[in-house]
Amino acid sequence: MFEHMAFKGTDKIGTTDYAAEKPALEKVEVAYAAYIAERDKTVGAMQPKLKHLEKAWKDTIAEADKYVVSNAFGKLVEQNGGEDIERQYQLRRNRLSFFAAENRLELWAYLETERFLHPVMREFYKERNVVIEERRMRTDSNPSAVWRAIYRRRV
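Let us look at the structure shown here. (Residues numbered from 1 in each chain as written. Predicted model: local features only at pLDDT ≥ 70, side-chain atom pairs only at ≥ 80, totals over all residues. Heavy atoms only, no water.)

### Concerning the environment of V120
Looking at the element boundaries, V120 is found in the loop between α5 (105-117) and α6 (124-140). For V120, a relative accessible area of 4% gives the class buried. On a C-alpha basis, the gap between V120 and F7 in space is 9.3 Å, while along the polypeptide they are 113 residues apart. If we skip the residues at most four places from it in the chain, V120 touches M5, K8, G9, T10, D11, Y18 and L25. (Helix = DSSP H or I, 4+ residues; strand = E, 2+ residues; numbered from the N terminus. Buried < 20%, exposed > 50% of the residue type's maximum accessible area, 1.4 Å probe, protein only. Contact = heavy atoms within 4.5 Å.)

Have a look at this one:
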């Protein structure tokens, strides 16, 4: 999940107006909590209320998405002469690589610092669904991958 979220931006990168986006993102979490509380009721859950809460949650996501600048990290790298941007997840580690002129070391350090010190979890639920699908395709649908996961838990 971190691999996906690390490139969604910061309070300075990936947003058109973070001062407005921040409360919008907080509303998403409040709406999601209300939706989950109703969905997970063991007694007395009401389907119409659940549908209403789900719609309210999705509406808050749409409102927060108005501030998103897609692929802001990649655009910054490319605008500064970088190329061949590649993100990979391999054996419990993430890797970002790109080629850039040696005089862009300061830009690289800035981007990495921002990414780790000031991340913003924008588009979280969209990315969560992508991660779930990736896992389903790469692990859950692959018998040898399932076996490796079981074996690792025992070791």
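### So, the nonpolar core
One finds V28, Y32, Y35, W57, A64 and Y125 to be the most contacted residues of the largest nonpolar core, which totals 14 residues. Looking at this core, the elements that each hand over two or more residues are α2 (18-39) and α3 (47-65). With seven residues, the top contributor of residues to this core is α2. For Y32, the contacting residues outside a window of four places in its chain are W57, Y125 and R128. Residues I13, A72, V77 and L111 belong to the second largest nonpolar core, which totals six residues. (Core = buried A, V, L, I, M, F, W, Y, C linked by side-chain atoms within 4.5 Å.)

### Describing a nonpolar patch on the surface
Judged by side-chain polarity, V146, W147, I150 and Y151 come together as a nonpolar surface patch covering roughly 410 Å² of accessible area. Among the structural elements, V146 can be located in helix α7 (residues 143-154). Owing to a relative accessible area of 31%, V146 belongs among the partly exposed residues under this scheme. (Patch = residues over 30% accessible without salt bridge, like charges linked within 9 Å, V, L, I, M, F, W, Y side chains within 5 Å. Areas by Shrake-Rupley, 256 points an atom, 1.4 Å probe, with all protein chains shown as cover. Salt bridge = Lys/Arg side-chain N within 4 Å of Asp/Glu carboxyl O.)

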